Amino acid sequence: MLVDMMSRVFIFPVLLTLAVFYATSANGAMVGVGDTLAGSSPVEYHGQGSDPDPDPDPDDIPKSMKAKRAESSPRIDGTLTESMWQGAHWVSDFMQKEPDQGAEPTLRTEVAILYDDQAVYIGARMYSDDPDEIAALLTRRDDGGNAERLVVSLDTYGDQRTAYSFAVTAAGVRLDWYHPEDNEFNRDQTFNPVWQARTAIDTEGWTAEMRIPFSQLRFSDSESQRWGINVNRFIPTRNEDVFWVVVPRQETGWASRFGELEGIEQIPSSSRIELMPYVATETRLLSDGLVDPDDPFNDGSSMEARTGLDFRMGLGSNLTLDATVNPDFGQVEADPAEVNLSAFETFFDEQRPFFTQGQQALAGVGPDYYYSRRIGAPPHLEADADFVSTPPATTILGAAKLTGQLPSGLTIGAMAAITDDEKAQTFDLANNETHQIDVEPLTNYAIARLQQQFGPNASTVGATLTAVNRSIEEGHPLAGELVSAAYTGGVDFNKRFEDGWYELLGHAGFSHVRGDEAAILEVQEASAHYFQRPDQDHVELDPTRTSLSGWSAAFRGGKRSGRLRWSHGVWMDSPGFEINDVGRLGRADDIAAWANLSYRQTEPGPVFRNWNVGVWTNPHWNFAGVQRREMVGFWTNTTWKNFWSTNIEAGHNFQTQSDTQTRGGPLMKNPSSWWLSTSLFSNSASDTRLGLETDFNGDELGSWGYGISARFSTRMNDRLSLSVGPRFSRRSNARQYIDTFDGGTDATFGERYVFGEILRSEISAPLRVNYAFSPDLSLDLYAEPFASSGKYSDVGELARARDFDLRVYGTDGTEVTRNDDGDLAVVDGDDSFSIDNPDFDVLSFRSNLVLRWEWRPGSTFFLTWQQNRSSDATEGRPVGPGELFDSFSADGENVLAVKFSYWLPL
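Rules and cut-offs
- Residues numbered from 1 in each chain as written.
- Predicted model: local features only at pLDDT ≥ 70, side-chain atom pairs only at ≥ 80, totals over all residues.
- Heavy atoms only, no water.
- Patch = residues over 30% accessible without salt bridge, like charges linked within 9 Å, V, L, I, M, F, W, Y side chains within 5 Å.
- Areas by Shrake-Rupley, 256 points an atom, 1.4 Å probe, with all protein chains shown as cover.
- Salt bridge = Lys/Arg side-chain N within 4 Å of Asp/Glu carboxyl O.
- Helix = DSSP H or I, 4+ residues; strand = E, 2+ residues; numbered from the N terminus.
- Buried < 20%, exposed > 50% of the residue type's maximum accessible area, 1.4 Å probe, protein only.
- Pairing = 2+ DSSP bridges.
- pLDDT = per-residue confidence, 0-100.
- Contact = heavy atoms within 4.5 Å.
- Core = buried A, V, L, I, M, F, W, Y, C linked by side-chain atoms within 4.5 Å.
- Phe/Tyr/Trp six-rings, centres within 6.5 Å; stacked < 30°, edge-to-face > 60°.
- Lys NZ or Arg CZ within 6 Å of the ring centre and 35° of its normal.
- Axes fitted to C-alpha atoms, helices over the stretch in contact; angles between N-to-C directions.

**Brief notes about a nonpolar patch on the surface**
A grouping of L564, L597, V615, F634, I648, W674, L676, F696, W704, Y706 and L759 is seen on the molecular surface, where their side chains present a nonpolar patch of about 920 Å² in accessible area. Those elements giving two or more residues to the nonpolar patch turn out to be strand 36 (673-681) and strand 38 (704-715). Here W674 falls in the partly exposed class, since its relative accessible area comes to 43%.

**Considering the pairing of strand 14 (residues 273-286)**
Relative to strand 15 (residues 301-315), strand 14 is paired through 13 bridges, and the arrangement is antiparallel. Residue E282 lies in a different strand from strand 15, and its bridge partner there is E304. Of the strand pairs in this sheet, strand 14 and strand 51 (residues 904-905) are connected by 2 bridges, and their pairing is antiparallel. Paired with L275 across the strands is L904, a residue of strand 51. Across 9 bridges, strand 14 lies against strand 50 (residues 892-901) in antiparallel orientation. Opposite T281, over in strand 50, you have V898 as the bridge partner.

**Comments concerning the confidence of the model for the protein**
The predicted model of the protein has a mean per-residue pLDDT of 88, with 92% of residues at 70 or higher. Predicted confidence for residues 1-58 stays below pLDDT 50, and this span has 85 contacts to residues more than four positions away or in other chains.

**Focus on the nonpolar core**
Within the largest apolar cluster, 39 residues are counted, with the highest numbers of intra-cluster contacts made by F166, M210, I229, V231 and L261. Only strand 1 (64-69), strand 4 (109-115), strand 5 (119-127), strand 6 (149-155), strand 7 (163-169), strand 10 (205-213) and strand 11 (227-235) provide two or more residues apiece to this core. Excluding residues within four positions of it along the chain, M210 makes contact with I76, V120, Y121, I122, L150, V152, F166, A167, V168, W195, Q196 and A197. Grouped together as the second largest cluster of nonpolar side chains are 22 residues, F354, L362, I447 and A486 included.

**Let's talk about the packing of aromatic side chains**
In total, this model carries 26 aromatic pairs according to the counting rule given. Measuring from centroid to centroid gives 5.8 Å for F219 and W227, while their planes differ by 45°, and the two rings are tilted. Residue F219 is classed as buried on the basis of its relative accessible area of 6%. Here the aromatic rings of F885 and F888 are separated by 5.9 Å at their centres, their planes lie at 90°, and the arrangement is edge-to-face. Among the aromatic side chains, those forming a connected cluster through ring pairs are Y164, F166, Y178, F191 and W195. Taking the ring centre of F497 as reference, the NZ or CZ of K495 above it sits at 4.4 Å. Here the basic side chain of K899 rests over the ring of Y278, its NZ or CZ set 4.9 Å away from the ring centre.

**Re the side chain of S901**
By the secondary structure assignment, S901 is in strand 50. Accessibility expressed as a relative area gives 8% for S901, which makes it buried. In this structure, S901 is in contact with M276, P277, Y278, W855, S859 and T860, ignoring residues within four places of it in sequence.

**Description of the sheet that holds strand 20 (residues 422-428)**
If you trace the 3 strands from one edge of the open sheet to the other, you get 17-20-21, paired in antiparallel fashion. Looking at the sheet topology across the chains shown, the edges are occupied by strand 17 (387-389) and strand 21 (433-440). Within this sheet the neighbouring strands show an average axis-to-axis angle of 25°, counted without direction. Of the strand pairs in this sheet, strand 17 and strand 20 are connected by 3 bridges, and their pairing is antiparallel. Note on strand 20: the bridge partner recorded for S389 is Q425.

**Thoughts on the pattern of salt bridges**
Tallied over the entire structure, the rule returns 52 salt bridges. Salt bridges sharing partners connect three or more residues here, namely R141, D142, R174, D176, D776, R852 and E854.

**Comments concerning the pairing of strand 26 (residues 547-559)**
As judged from the 13 bridges shared by strand 25 (residues 502-514) and strand 26, these two strands associate in the antiparallel manner. In the strand pairing of strand 26, V513 is matched with L548. Bridge count between strand 26 and strand 27 (residues 564-573): 8 bridges; the pairing is antiparallel. By the bridge assignment for strand 27, R556 is matched with G569.

**Things to note about the sheet that holds strand 47 (residues 831-835)**
Spatial ordering of the open sheet is given by 45-46-47, a layout of 3 strands whose pairing is antiparallel. Each edge of the sheet is formed by a strand with only one pairing partner; in this case those strands are strand 45 (814-818) and strand 47. Within the sheet, the average angular offset between the axes of one strand and its neighbour, ignoring direction, is 15°. Relative to strand 46 (residues 824-828), strand 45 is paired through 5 bridges, and the arrangement is antiparallel. Counterpart to T817 in the pairing with strand 46 is A825.

**What to know about the environment of A197**
Residue position: A197 is located in strand 9 (residues 196-202). We classify A197 as buried; its relative accessible area is 0%. A197 sits 572 residues away from V769 along the chain, and the two C-alpha atoms are 25 Å apart. With residues near it in sequence (within four places) discarded, A197 still touches I76, V168, G172, R174, E209 and M210.

Given below as structure tokens:
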């Protein structure tokens, strides 16, 4: 069975991929086989093909823009009045991408570039028929809202794959991001350089000046620089997007399509050393309901002060060393509230600046070997006592990161961090004693990645290695909870053909963890593995193991551009694959295959501006050949002539077997099910934007569900913006896992796997308000009231393995009673047991009010007020809007924090 299944999911996709590449290549042969690997010379801009054309088509020759050296540095005031701008080389040959691709812009745009030994300067004039209609909206830094803006994108490495983008709105608000791959819309918003921009509005339109220090860019050491460049002007009042170089809608690519920026020569080397010291204070106040007079650790308030330092140094013009000592994350937005009833961990986005900056250098095309939120996470262990004080997060003593790209196209990423050992303080009322309990050991983390670019289509090959080492003495209680060492890594590739229209990707990786027998047993029994499953024979639960190893591999390919697109592949994670010490893995023991086919029309018609339609399938097996999932789906996206858009997706799950539903028990049948989701969004260029999303689902057991969410955002005036996104859902799941008990029948291997039908309802209303006093001073509010409830009925145990029928308690000779606390007492013949009340009611309110002032370039003052309120009960009443208001009065804490940081370039 396994051999047959492997042939279906692996051999067929490989052969199909090779056949399609053969059939669609220009000469009927495999293309790109002559590309060289590591050590190839830097890519130059000689058109889109692999070799210069001796008689090129003028349309295939990249456009060129020339930078001119300035005799003195221009004053950045947005007026372009200095004489040096009059002698600059100006370009104005822009074209529309939207709404009429290839047409002349309705408004003229002119751009010129100067430079000196310290920085590159960009000057631009954006003409307007009516300056009063310019959307000059004042927003916070890095939030352009719906303002008119100018975006300059630079491929400073000349690798035709990565790019930096710098943008300024008509109101002078700065935005910046990084493109880690050859895709306009793959944007790393964590790129946060120190640069300047100013704008001015006059009778002819508006003008802009930018100053981008060379110290904030990475480029080769060549005396004569040759960069890729593109310029974009977005005019929301006309739904018009104009570019100096237009990437056609039906094609995928970004930096590979740029024009050339020439003329930057003999830039002197710079030490590029930056220091960022900070000082911060924080005061916490708890609600009276959370203060116990017997608790020696908590009198309802606390205050602390801390200092730290961030350090950055350039190693040549290509590499950057970042380091931090006692980093501060006081302004980071809270994670959204949730109630997770699954067996699997929820992974939240990283928001801490040190870890987000340059993170793309540590990411490959394979597994998530590196998940930065493992570093500085809450302690793994919990102490047990009458009163416990546990640190909310492990202390990061220090961290350092090296990132950059060499002229050869080799990208380097490396990071090391050390977190302190943590102790919880405990107090027992009976003996009036205080103790310290170890809850986290001293831990070292190391991550390294190398990625080499090769060939004319920006193909890559890379390798990643990670290591986690914990200082745990043999016999220590922590040794039975955490592995002492974990190592992971692998190699990967992304081979592109035919100007990037086609690609093949793959990876092969490994994992190895070792530690005490009890710690390795916990890994084997964790939800990612479930080696203890009683009806499987392809893995073995071994309580004497002191190590566990595994592997991962994938091969996939597809067509990325054109109207007809496709992709398919297979991904395999072995049963012993384990990367969760510093990586991210939901489950191992998985073989996934997929196939997608889509068609898109990008030319406007009488009804639609563009539309897409696609079908897909995604079956899964485990390594015993058991089919875990089989899905098929359909989707379509449409943009109408009025720039509104609609999306529809529908799909069907076939009956399969779940090897996780019983949480380490035997296989259980997955019922066939279906889902449907729709969305409607208004014109994204409007000052007021609306969105509506719905979803529906059901299965053959009678489960059902629906959800509805709305999005509303508006500009109250040129400085004030508001957005709110209310969400409501109500769902019934006929087979929600509750717990496992002894005393089951032989049909379930002697255990009782208890399930129930749950009726869940959930409502939330995230709110954001922003007021901008100036481009460098803003006030932001984020608030999310949240309520969730669950009510169980028809509680019973799985009747037999490989089925989904329940033996409902209260029938088939069983008796069940429920006490005043909601606990269930079950009697089954001579056996009896109790089930804790599974019903729940959860209220949460989280808010973050931040005053942010960049009082000098790169130096910032923060004043923050945070609220974290919550409550829970066990009634399971359906929630509604009233519960959102109840969350405001729940017990919780108020946190007031102040922070000064000072950017010091040396």
